[in-house]
Amino acid sequence: MVRFMRAATRKKRDYMIEVALRLFMERGYEQVSVDDIITATNTSKGTFYHYFQGKDEILRDIPRKQMSIINEWAETTPSQVQSLESHIHRLFLDLASNIQAYPRLIRSLLSLTLQNEALKSIDEEQYQLLSNRLLRWLPERDKVNLLIAAYRGTLWMWCSQEDTDLLTMIRNHLTWVWSGLRSEQGTPSIPIDTRLVQNVKEANRMNIAIIGGGLAGLTAAAYLSEHEGVRGVLFERSPQWGGRAFTYEKSGFTLNYGAHAVYGIDRHELTSMERELGLSFSSKQVDKRKVMYCKNDQLTPAPLDFVNLMRTEILNPIQKVRFVGEISAIIAHIHKVKNYETLGDYLAQSDADEDVKELWEHLVCSNFFITPEEARKVPGEVISEYYYNLFLSSRPVNYVLGSWAVITNQLRQKIELPGTWEMALQEGVESIRYEDKKYVLKTKNREQAFDKVIFAMPVQQICKLMKGTPWEPFLAPFEGNTATEVMVYDIGLNKVVARPFSYISDMDNKLFISDVSATDHTLVPDGGQLLQGIAYLSDNFSNEEERKAYLDNKTKQMENLFDHYYPGWRDVTAVKRVSKKAMVSSVKNIVTNQLLPVRLENVPFYFCGDGCEGKGELAERSFSSARAVAKAILENIKTPVRV
Ligand SMILES: Cc1cc2nc3c(=O)[nH]c(=O)nc-3n(C[C@H](O)[C@H](O)[C@H](O)COP(=O)(O)OP(=O)(O)OC[C@H]3O[C@@H](n4cnc5c(N)ncnc54)[C@H](O)[C@@H]3O)c2cc1C
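Residues numbered from 1 in each chain as written. Predicted model: local features only at pLDDT ≥ 70, side-chain atom pairs only at ≥ 80, totals over all residues.

Chemist: Describe the overall build of the protein, listing the residues and the values that go with them.
Modeler: Secondary structure summary: the protein contains 23 helices and 21 strands in total. Taking all 643 residues of the protein together, 41% fall into the buried category. Considering only contacts in the protein between residues 6 or more positions apart, those separated by 24 or more positions represent 71%. (Helix = DSSP H or I, 4+ residues; strand = E, 2+ residues; numbered from the N terminus. Buried ≥ 20, exposed ≤ 12 C-beta atoms within 10 Å, placed from the backbone. Contact = placed C-beta atoms within 7 Å.)

Structure, rendered in structure tokens:
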């Protein structure tokens, strides 16, 4: 209210509040009547009641306004958020700017809050709201408490010092708090040679092109942009950044095109990046007790940890002992699976019960997004390494709060900050050639020469771009790689129809439903629900008709699963997206495929993306290969220092 009134009206109202608060301070709140305020402000009863319903309202007006600022802030949709840190910073600055014009008034208000129950209660209400709203984005109570304490402490300091600027104080203090929170996680491990960060002349900068603005391209560019000896162009042919991890808004729902979960975040490449690049984001663990497997129409806990393993009915007690033994062997790095070419080979010779074998197969299906037949083709060594990390993780399945846009927005910000990188959106690279010791890239807008080129795109597309170049033969072994494709069935519901579980995996039909909004409530309008169904697809068809019938059947199975666990969903569906061919991984990690190394003999380029060699699966491989590429380039830069 204070903000939107005409200036003269606001002045008069503020004056009345200020005088009233002074009287409250001098005589005590209970001893001051409305008549006293009218006399002291030389106004009439009519004027007083025009502005206020009663004496209490004077006191409550400011915290009430602060609460409406907090609520407005909470309505920001995730894709509008640049970074978690700046988003939270913004809130405190908005709160401060709403009161900074009234230092005397706030001083009285704070003192009165200590004495007056009515004020104390609305003050508590205000900070409770602030805490709850912050927890939605930063679900770590200690950090939220620290930020609020810093804000409140700053208010007291400001009130007790004359001529100080509240906004500057808040900015400074919160910057220190954030830097403390960040350094708690360690210091950058890619050292930046500060001597190189001095006046490197434009001509001496290494000029790098990155083709592809998905997670891999953005990651490589973010690392490289930290070095002053490097400049470059990031080319992206589509109208948006993020590639298959891009996020979009529809009818108030925030939909991830692809990536949702971070598997084993405490051991994930993203955690190293968070530290090294100074990213800030929150993640929330999917409630393990609500992760279920469905077999023969029966639901039972998925054996994600010891508690679930004891409760699950997938295995009998003897089989459970056997499975615990398998997990322990993986954790100790002594599991025999790593010595077998494929999971199938290991299972074929294993003396374990069929149920234990089926569980292995199903775990691999769900983590690699593939069918059981193909789960058997995943190399033993890949299985051993992947589950070594996952079983040791204390946070096996996490969602990035506010969608992956929170990550991609920060990577973009980081790349743009130094001013040495050009972000070329909707500019696909059409060809590449070698000329005058440089690599010339052609797009619809330009031909430009570069010292180095990084390919950050699906391997199949790299092979296409290399057609007719001298490097084509070296890429040939990777041309036949097959991708992992799934059917995606996203539905945004106007209301929560049922919330029995967070994840239901149908073991019989090889599909699963995630109640995404049960973990990340920032993605839905108030009271809404976002469900994502995914079906693993076989790609073994003799003709197109057969493939179509298979997909139609999968759609039916998916809708049946929705009907079963989320009855009534059809009546409240506000948003629906069905994609029958979404590429989860550009190279399926099975023994008949070959991941592309980040460097290839006889080829002068660098490669990164989820089809390249690197740590982890899916998005983690995009991050890890891109980070490896950036590190390799930075380690080789011997830029002469020019001061
Ligand atoms: C339905 C689905 C669910 C998923 N779930 C998860 C999950 O839960 N967890 C997880 O970790 N991962 C998940 N993924 C996988 C994850 O989204 C991808 O691994 C990751 O986004 C790949 O990033 P990338 O940068 O390697 O490739 P991309 O995202 O494909 O980026 C490549 C970019 O290159 C651009 N490009 C191509 N050719 C050119 C050219 N000639 N010139 C310029 N630009 C070009 C493309 O437009 C694209 O933007 C999922 C994917 C899907 C589809």
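Chemist: Tell me about the nonpolar core, residues and numbers included.
Modeler: One recurring pattern in soluble globular proteins: nonpolar side chains tend to sit buried together. Ile210, Ala220, Ile454, Ala456, Cys608 and Val629 are the most contacted members of the largest nonpolar core, which has 152 residues in total. Among residues more than four places away in sequence, those in contact with Ile210 are Gly217, Ala220, Ala221, Gly232, Leu234, Phe235, Ile454 and Ala456. Of all hydrophobic cores here, the second largest spans 17 residues; its members include Leu23, Tyr29, Phe48 and Ile122. (Core = buried A, V, L, I, M, F, W, Y, C linked by C-beta atoms within 7 Å.)

Chemist: Could you give me a rundown of helix H13 (residues 317-331), with the residues and numbers involved?
Modeler: With 15 residues, H13 ought to run about 21 Å at 1.5 Å a step, and its terminal C-alpha atoms sit 21 Å apart, in line with that. One or two positions beyond H13, positive phi appears at His333, with a value near 65°. (Expected span 1.5 Å × (residues − 1).)

Chemist: Give a detailed account of the domain arrangement of the protein, specifying residues and quantitative values.
Modeler: Domain assignment breaks the protein into domain 1 (7-183), domain 2 (194-259 + 404-481 + 590-636), domain 3 (285-399) and domain 4 (484-585). Distance from the C-alpha centre of domain 2 to the C-alpha centre of domain 4: 31 Å. Listed as interface residues are 10 residues of domain 2 and, on the opposing side, 14 residues of domain 4. With three residues, the top contributor of residues to the side of domain 2 that touches domain 4 is strand S4 (residues 253-256). Taken together, the residues of the side of domain 2 that touches domain 4 sort by class into three nonpolar, four polar and three charged. (Domains from an automatic or database assignment. Nonpolar A, V, L, I, M, F, W, Y, C, P; charged D, E, K, R; others polar.)

Chemist: Please provide a residue-by-residue account of the confidence of the model for the protein, values included.
Modeler: Residue-level pLDDT values for the protein average 89, and 94% of them are 70 or greater. Low pLDDT, under 50, characterises residues 186-198; the stretch is placed with 20 contacts to residues that sit more than four places away or in other chains. (pLDDT = per-residue confidence, 0-100.)

Chemist: Tell me about the sheet that holds strand S5 (residues 261-263), and name the residues and values.
Modeler: Strand order in the open sheet formed by three strands is S5-S9-S6, and the pairing between neighbours is antiparallel. The strands lining the two open edges of the sheet, one partner per strand, are S5 and strand S6 (283-285). Averaged over all neighbouring strand pairs, the angle between strand axes comes to 35°, with direction disregarded. For S6 and strand S9 (residues 397-400), the ladder comprises three bridges, and the chain directions are antiparallel. Across the sheet, the residue bridging to Ser283 is Val400, located in S9. (Pairing = 2+ DSSP bridges. Axes fitted to C-alpha atoms, helices over the stretch in contact; angles between N-to-C directions.)

Chemist: Can you tell me about the sheet that holds strand S10 (residues 421-425), naming the residues and giving the values?
Modeler: With mixed pairing, six strands are arranged side by side in an open sheet as S10-S2-S1-S14-S21-S20. Of all strands in the sheet, those with a lone pairing partner are S10 and strand S20 (599-600), marking the two edges. As paired strands, strand S1 (residues 206-211) and strand S2 (residues 230-236) are joined by six bridges and run parallel to one another. Looking at S2, one finds that Ile208 is bridged to Gly232.

Chemist: Just give me the short version of the UniProt feature "DNA-binding region" (unreviewed entry) in the protein, but keep the residues and values in it.
Modeler: UniProt tags residues 33-52 as "DNA-binding region" (unreviewed entry). Between the end C-alpha atoms of residues 33-52 there is a gap of 13 Å, over a span that is 75% helix and 0% strand. (UniProt positions renumbered as here; feature names shortened; annotations may be inferred.)

Chemist: Can you break down the site of the ligand residue by residue, with the values?
Modeler: Neighbouring residues of the ligand: 37 residues in total, closest Gly212, Gly214, Gly243, Gly258 and Ala619. Those elements that place two or more of their residues in the shell around the ligand are helix H10 (215-224), S2, helix H19 (459-465), strand S15 (484-493), strand S19 (573-585) and helix H23 (619-636). Take the shell around the ligand: its biggest share by element is four residues, from S19. For the shell around the ligand, the class distribution of residues is 19 nonpolar, 13 polar and five charged. For the shell around the ligand, the domains that each give at least three residues are domain 2 (194-259 + 404-481 + 590-636) and domain 4 (484-585). (Near = placed C-beta within 6 Å.)

Chemist: Provide a residue-level description of unusual backbone geometry, including the pertinent values.
Modeler: In this structure, Asn296 takes a positive phi of about 50° despite not being glycine. Checked against the element boundaries, Asn296 lands in the loop between strand S7 (291-295) and strand S8 (298-301). Of note, the phi angle at Gln426 is positive, near 55°, even though the residue is not glycine. Here Gln426 lies in the loop between S10 and strand S11 (431-435).

Chemist: Account for the UniProt feature "domain: HTH tetR-type" (unreviewed entry) in the protein, naming residues and giving values.
Modeler: UniProt's feature table lists "domain: HTH tetR-type" (unreviewed entry) at residues 10-70, given in the numbering used throughout. Helix and strand shares over residues 10-70 are 80% and 0% respectively, and the end C-alpha atoms of the span are 21 Å apart.

Chemist: I'd like to hear about the packing of helix H11 (residues 269-277) against H23, residue by residue, with values.
Modeler: With their axes 9 Å apart at the nearest point, H11 and H23 run at an angle of 50° to one another. As judged from the angle between their axes, H11 and H23 are oblique. Contacts between H11 and H23 involve Glu269, Leu270 and Met273 from the former and Glu620, Phe623, Ser624 and Arg627 from the latter. Class assignment of the residues belonging to the contact of H11 with H23 gives a composition of three nonpolar, one polar and three charged. (Parallel < 35°, antiparallel > 145°, perpendicular 65-115°, else oblique.)

Chemist: Any details on the environment of Ala456? Residues and values, ideally.
Modeler: Of note, Ala456 is situated in the loop between strand S14 (452-455) and H19. A residue is classified by how many C-beta atoms lie within 10 Å of it, and Ala456, with 30 of them, is buried. For the pair Ala456 and Glu162, spaced 294 residues apart in the sequence, the C-alpha separation amounts to 55 Å. Those residues in contact with Ala456 that lie beyond four places of it in its chain are Ile210, Ile211, Gly212, Gly214, Ala216, Gly217, Ala220, Cys608, Gly609 and Ala626.

Chemist: Before we move on, can you summarise the pairing of S15 with the specific residues and values?
Modeler: For S15, the buried fraction is high: 10 of the 10 residues fall into the buried class. In S15, alternate side chains face the same way, and those of Thr484, Val486, Val488, Asp490 and Gly492 on one face and Glu485, Met487, Tyr489, Ile491 and Leu493 on the other are all buried. Sheet topology note: the S15/S19 ladder contains nine bridges and is antiparallel. Along S19, the bridge assignment pairs Leu493 with Thr573. In terms of strand pairing, S15 meets strand S18 (residues 529-536) through eight bridges, oriented antiparallel. Bridge assignment links Gly492 to a residue of S18, and that residue is Leu530.

Chemist: Quick one: what's the story with the pairing of strand S17 (residues 511-515), residue by residue and with numbers?
Modeler: Burial of S17 is extensive: five of the five residues sit out of reach of the surface. Side chains Leu511, Ile513 and Asp515 project from S17 onto one buried face, and the interleaved Phe512 and Ser514 project onto a second face that is buried too. Of the strand pairs in this sheet, strand S16 (residues 503-506) and S17 are connected by four bridges, and their pairing is antiparallel. Bridging from a neighbouring strand, Asp506 pairs with Leu511 of S17. Hairpin connection between S16 and S17: a loop of four residues separates the two successive antiparallel strands, and Lys510 in this loop has a positive phi of roughly 60°. With five bridges joining them, S17 and S18 adopt antiparallel strand pairing. Looking across to S18, one finds that Leu511 is bridged to Ala535.

Chemist: Describe H11, listing the residues and the values that go with them.
Modeler: Every buried residue of H11 is accounted for by Glu269, Leu270, Met273, Glu274 and Leu277. One face of H11 carries all of its buried residues, which in axial projection span an arc of 145°. Those residues of H11 that are buried lie in contact with H10, S5, helix H18 (405-416) and H23. After H11 finishes, the residue Gly278 shows a positive phi value of roughly 65°. (Arc of directions from axis to C-beta.)

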